Amino acid sequence: MTLDLFGNHTTDDIANPHADTLGPGASVLRGFARSRLAVLQADIDAVIAQAPLRHWLTPGGKRMSVAMTNCGEVGWISDRMGYRYGTHDPLSKQPWPAMPASFVALAREASEAVGYRNFAPDACLINRYTLDARLTLHQDRDERELGAPIVSVSLGLPATFLWGGLQRGDRTRRVRLEPGDVVVWGGPSRLVYHGIASVEGSFDAQAVRYNLTFRQAR
Ligand code: MD3
Ligand code: FE
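In this text, all values refer to a predicted model and were calculated from it rather than measured experimentally.

Go over the pairing of strand 14 (residues 194–199) with me, naming the residues and quoting the values.
Among the six residues of strand 14, six are classified as buried, and the element is accordingly described as predominantly covered. Two elements, strand 9 (residues 135–138) and strand 14, share two bridges in a ladder whose sense is antiparallel. Bridge pairing links leucine 135 to isoleucine 196 in strand 14. In this structure, strand 11 (residues 159–163) lies alongside strand 14, joined through five bridges in antiparallel fashion. Residue pairing across strands places threonine 160 opposite serine 198, the latter belonging to strand 14.

Here it is, written out as structure tokens:
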């Protein structure tokens, strides 16, 4: 257990407050988005007003416990036909809302902070977790450009993130993600198995977690 710059407990052993290393090519920027949380949340709310959160069905027909929507040129979709990226919201038949400027700037600055030069995500998945939501161990492999990194931003309630290996059965590490934490995953970590084991909170006012995931999908 260590304390970061802001006095928060972290599960990382490395003391560098700017970029903790989770694994090769995977960096945690603790609190990188903290000063922008109010703006980001207002922009999330504006996207949701255009493209409401919904629970996709898995290809096997199970309702996902995480509610999702998208912004950007393409959005991640799941239904009985499979996982894919599409230009239009299947609910409204409209194009996904544009990525807010605050999202574009954050994704660019976070990726540059760990050495990626021209990250230009075309997809932003917005995940909303209530206290009972989970994301089981999976790989992100629906993107065409596996050379580009993924940037993820946590808001709202803290969560326990599962960080595994390149095989589903590899042992997993538990990493606490707090609001304002930004993680950049690329290189050898791009296809690592990962998930969300739990979201921590009590049944009070702000009982949800949001996660933004920026990807270059096409
Ligand atoms: C590690 N979301 O939407 S973000 C997902 O918190 C997803 O909502 C989680 O996994 C969430 O697919 C975790 C962190 C994340 C995203 C992509 C990754 C970690 C990753 C891709 C490769 C390795
Ligand atoms: Fe994922």
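Give me the lowdown on the coordination of the iron ion (ligand 2), citing residues and values where you can.
For the iron ion (ligand 2), the full set of protein donor atoms is His138 (NE2), Asp140 (OD) and His194 (NE2), and the range of their distances to it is 2.0 to 2.2 Å. In terms of primary sequence, the donors binding the iron ion (ligand 2) are separated according to H-x1-D-x53-H. Here aspartate 140 is found in the loop between strand 9 and strand 10 (150–156), whereas its partner histidine 194 is found in strand 14, with 54 residues between them in sequence. Of the two residues, aspartate 140 and histidine 194, both sit in the buried class.

Can you explain helix 2 (residues 101–113)? Please cite residues and give values.
Relative to the 18 Å expected for 13 residues at 1.5 Å per residue, helix 2 spans 18 Å between its end C-alpha atoms, a close match to the ideal helical length. Among the residues of helix 2, Ser102, Phe103, Leu106, Ala107, Ala110 and Ser111 are the ones counted as buried. The buried residues of helix 2 occupy an angular sector of 150° when projected down its axis, which confines them to one face. Of the residues trailing helix 2, glycine 115 is marked for its positive phi of about 100°.

Before we move on, can you summarise the site of ligand 1 with the specific residues and values?
Near ligand 1 lie 20 residues; those nearest to it are Asn127, Tyr129, His194, Arg209 and Arg215. One of the side-chain nitrogen or oxygen atoms of histidine 138 is found 3.1 Å away from an oxygen atom of ligand 1. A distance of 2.9 Å is found between an oxygen atom of ligand 1 and a side-chain nitrogen or oxygen belonging to histidine 194. When the free accessible area of ligand 1 is taken as 500 Å², the share hidden by the protein chains comes to 98%. Going through the elements one at a time, strand 8 (123–129), strand 9, strand 10, strand 11, strand 14 and strand 15 (209–215) are the ones with two or more residues in the shell around ligand 1. In terms of residue count, strand 15 provides more of the shell around ligand 1 than any other element does, four residues in total. Partitioning the shell around ligand 1 into residue classes produces nine nonpolar, seven polar and four charged.

Give me the lowdown on the nonpolar core, citing residues and values where you can.
Within the largest apolar cluster, 32 residues are counted, with the highest numbers of intra-cluster contacts made by Leu22, Trp163 and Trp185. Contributing elements (two or more residues each) for this core: strand 4 (26–29), strand 6 (75–79), strand 8, strand 11, strand 12 (173–177), strand 13 (182–185) and strand 14. The residues contacting tryptophan 185, other than those within four sequence positions of it, are Leu22, Gly25, Ala26, Pro149, Ile150, Ser152, Phe161, Trp163 and Arg190. One finds Leu40, Ile44, Phe103 and Leu106 within the second-largest nonpolar core, a separate group that totals 24 residues.

Summarise helix 1 (residues 37–50); cite the residues concerned and give the values.
Along its 14 residues, helix 1 runs 20 Å from first to last C-alpha, staying within 8% of the 20 Å computed at 1.5 Å per residue. Those residues of helix 1 lying buried are Leu40, Ile44, Val47 and Ile48. The arc enclosing the buried residues of helix 1, seen along the axis, measures out at 100°, which places them on a common side. Relative to its buried face, helix 1 has exposed residues pointing more than 90 degrees away, namely Ala38, Ala49 and Gln50. Residues of helix 1 that are buried make contact with strand 5 (67–72), helix 2, strand 8, strand 10 and strand 15.

Cut-off values and rules
Residues numbered from 1 in each chain as written. Chains lettered and ligands numbered in written order. Predicted model: local features only at pLDDT ≥ 70, side-chain atom pairs only at ≥ 80, totals over all residues. Heavy atoms only, no water. Buried < 20%, exposed > 50% of the residue type's maximum accessible area, 1.4 Å probe, protein only. Helix = DSSP H or I, 4+ residues; strand = E, 2+ residues; numbered from the N terminus. Pairing = 2+ DSSP bridges. Donors = N, O, S within 2.8 Å, 3.2 Å for Na, K, Ca; no water. Expected span 1.5 Å × (residues − 1). Arc of directions from axis to C-beta. Near = heavy atom within 4 Å. Polar contact = N/O pair within 3.5 Å; in protein donor to acceptor, adjacent residues only side chain to side chain. Areas by Shrake-Rupley, 256 points an atom, 1.4 Å probe, with all protein chains shown as cover. Nonpolar A, V, L, I, M, F, W, Y, C, P; charged D, E, K, R; others polar. Core = buried A, V, L, I, M, F, W, Y, C linked by side-chain atoms within 4.5 Å. Contact = heavy atoms within 4.5 Å.

Treat this as a map of the structure, not an account of what it does.
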